[in-house]
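Residue-level listing of the chains:
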Amino acid sequence: MSTRDEFFSHIEKGYTTKGDFITMGAAMLDGEAVTDAYVKIPLKTLNRHGLIAGATGTGKTKTLQVLAENLSEKGIPVLLMDLKGDLSGIAQPSPGHPKIDERHQKIGLPFEAKGFPVEILSLSEQDGVKLRATVSEFGPTLLSRILDLTVTQEGIVAVVFKYCDDNKLPLLDLKDFKKVLQYATGEGKKEFAKDYGRISTSSTGTILRKIIELEQQGADLFFGEKSFEVDDLTRIDKNGKGYINIIRLTDIQDRPKLFSTFMLSLLAEIYSTFPEQGDSDSPELILFIDEAHLIFKEASKALLDQIEGIVKLIRSKGIGLYFVTQNPTDVPNEVLAQLGLKVQHALRAFTARDRKAIKLTAENYPESPYYNTKEVLTSLGIGEALISALDEKGRPTPLAATLLRAPMSRMDVLTDSELKTAIKSSKLVKKYGEVIDRESAYEILNEKIEKAEKAAEKEKAKPKSKSSRRRSTRQNPVIKVLTSATFIRGVLGVLKKVLR
Ligand SMILES: Nc1ncnc2c1ncn2[C@@H]1O[C@H](COP(=O)(O)OP(=O)(O)OP(=O)(O)O)[C@@H](O)[C@H]1O
Ligand SMILES: [Mg+2]
């Protein structure tokens, strides 16, 4: 048997699946694609998370596009975090290209051009379905993690939430939360101290400062109503294709705090909403996070622990998380260790640091008699990647340098008018479009304070009763002096002298 035939059966055997799967492309030997040696990912293991990494321009985003459209085709909904704004083209069919035909011929797959059902979402002023969450839904724990609070400060946040719960004060936006914090050390100090213990002004001051910092990153746009129902992410269109939900995040690059706030809230919400899946044949929803280093950048240890915990737990709900980033070292080791699918595009060896990263990356892949992993990592072409997945039993598949298929949809973005049409025809845009500002903690407390002030003024304005007059006489400084012990002693002394 020739090496090529041996390699073919090695790949065929390693990538055989009982259930349904997605074809990524064909495995390569000595830099050439081996036609029909398909690299297939079982749907069953897609909830085991993944990583798409590689130097700039090597094809990461197109790999994400390929995965997303093939998932949609299998009826699996997808959520894409589009940080560069280059994914909207997925709604339109590819115009095709001779190079694409050539690529597909080498792989042994016919090329089909098609568009996919897309929903455009937004976290900010941009058009699209508005994604929001209320502070109550966010909860005290996440809020404390995001604000990077100390244990004492976290305790205060918990008390504030409890107070609002007990007193039916809805915490919708950050304005509500700030108001309650100020109330707790201001007008409502006594009320708070009685039932919840004293709260220090210096602690609330720090918390307030941190909230303002978060607001400066645009978080005030995110917190509020109408809050997004994550079930809306799992829609299937009338042809059985999963919706591809694209969150446009082009204006969030310099606001990492807002991005991690949103990500955590979304993951926590998904985790609490989706039912336990058990051992399912296909995932419920797949999330792709492009430019993922942004959520790990500036994240505190507590926040990282939180992310790590969610990544671990969310799998059992049938949710797969895929991180897309230039260097695998951008992702913390604890998270990296939980990723089942690895698609590694070419890495560049410019500096000593690059070479170290390449060595580390190579060590994280299973060994293969057909490849020198370190060399392959630097010699892969555009749209080629080293793949290692999990088979249906959860074992790593053979390492495969893969010539990846091309996206069926457009690799370029939608035009402005195409984007407008997509947004206009969306049902969800209407559902989440209206801004609701119902009465919440801010208004209720302001009313309460106003009432208390009015009552105090009324009290002042009342004609003085006898008892209050008596009280006020006692307050009179002249009487005070006349009745003071020293004065009486003095008078007694003078009397004694006179009588003698
Ligand atoms: N699977 C593929 N099929 C066909 N062409 C591809 C494929 N992958 C990449 N390309 C080509 O390579 C170009 C760059 O790919 P892509 O935008 O995915 O790179 P990237 O790694 O995401 O880059 P960046 O780090 O700058 O975001 C594409 O515009 C496309 O022309
Ligand atoms: Mg990209």
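- You'll find the chain entered in an unreviewed UniProt entry as DUF853 family protein, with Maribacter algarum given as the organism.

### Quick notes on the confidence of the model for the chain
Caution is warranted with low-pLDDT regions, since their predicted coordinates should not be read in detail.
Turning to step 1, where the next piece is worked out: Mean pLDDT over the chain stands at 88; residues scoring 70 or higher make up 92%.
Turning to step 2, where the next piece is worked out: Note on residues 466-483: pLDDT is under 50 here. Beyond four places in sequence and across chains, it has 7 contacts.

### Some words on the packing of helix α5 (residues 151-166) against helix α6 (residues 174-185)
Turning to step 1, where the next piece is worked out: Relative to each other, α5 and α6 sit at 100°, their axes nearing to 10 Å. Comparing the axis directions of α5 and α6 gives the class roughly perpendicular. On α6, the residues that touch Ile156, Val157, Val160, Phe161, Tyr163 and Cys164 of α5 are Phe177, Val180, Leu181 and Tyr183.
Turning to step 2, where the next piece is worked out: Here the residues of the contact of α5 with α6 sort into 10 nonpolar, no polar and no charged.

### Re the side chain of Asp82
Turning to step 1, where the next piece is worked out: Along the polypeptide, Asp82 turns up in strand β4 (residues 78-82).
Turning to step 2, where the next piece is worked out: Buried within the structure, Asp82 lacks any salt-bridge partner; its nearest side chain of opposite charge belongs to Arg248, at an N-O separation of 6.9 Å.
Turning to step 3, where the next piece is worked out: Contact partners of Asp82, with chain neighbours within four places excluded, come to Leu87, Ser88, Ile246, Ile247, Arg248, Leu249 and Thr250.

### Quick notes on the domain arrangement of the chain
Turning to step 1, where the next piece is worked out: By domain assignment, the chain separates into domain 1 (3-124 + 230-413), domain 2 (135-221 + 438-448) and domain 3 (468-499).
Turning to step 2, where the next piece is worked out: Measuring from the centre of the C-alpha atoms in domain 1 to the corresponding centre in domain 2 gives 39 Å.
Turning to step 3, where the next piece is worked out: Of the residues lining the interface, 15 residues belong to domain 1; the matching set on domain 2 comes to 11 residues.
Turning to step 4, where the next piece is worked out: Of the roughly 1200 Å² buried between domain 1 and domain 2, counting both surfaces, carbon and sulfur atoms make up 65%.
Turning to step 5, where the next piece is worked out: Counting across the interface, domain 1 meets domain 2 through 0 salt bridges.
Turning to step 6, where the next piece is worked out: The interface formed by domain 1 and domain 2 holds 0 residue pairs in polar contact (both at pLDDT 80 or more) in total.
Turning to step 7, where the next piece is worked out: Here the side of domain 1 that touches domain 2 takes 8 residues from helix α10 (residues 256-273), the largest share from any one element.

Cut-off values and rules
Residues numbered from 1 in each chain as written. Chains lettered and ligands numbered in written order. Predicted model: local features only at pLDDT ≥ 70, side-chain atom pairs only at ≥ 80, totals over all residues. Heavy atoms only, no water. pLDDT = per-residue confidence, 0-100. Contact = heavy atoms within 4.5 Å. Axes fitted to C-alpha atoms, helices over the stretch in contact; angles between N-to-C directions. Helix = DSSP H or I, 4+ residues; strand = E, 2+ residues; numbered from the N terminus. Parallel < 35°, antiparallel > 145°, perpendicular 65-115°, else oblique. Nonpolar A, V, L, I, M, F, W, Y, C, P; charged D, E, K, R; others polar. Buried < 20%, exposed > 50% of the residue type's maximum accessible area, 1.4 Å probe, protein only. Lys, Arg positive; Asp, Glu negative; His and termini not counted. Salt bridge = Lys/Arg side-chain N within 4 Å of Asp/Glu carboxyl O. Domains from an automatic or database assignment. Buried area = accessible area lost by both parts, 1.4 Å probe. Polar contact = N/O pair within 3.5 Å; in protein donor to acceptor, adjacent residues only side chain to side chain.

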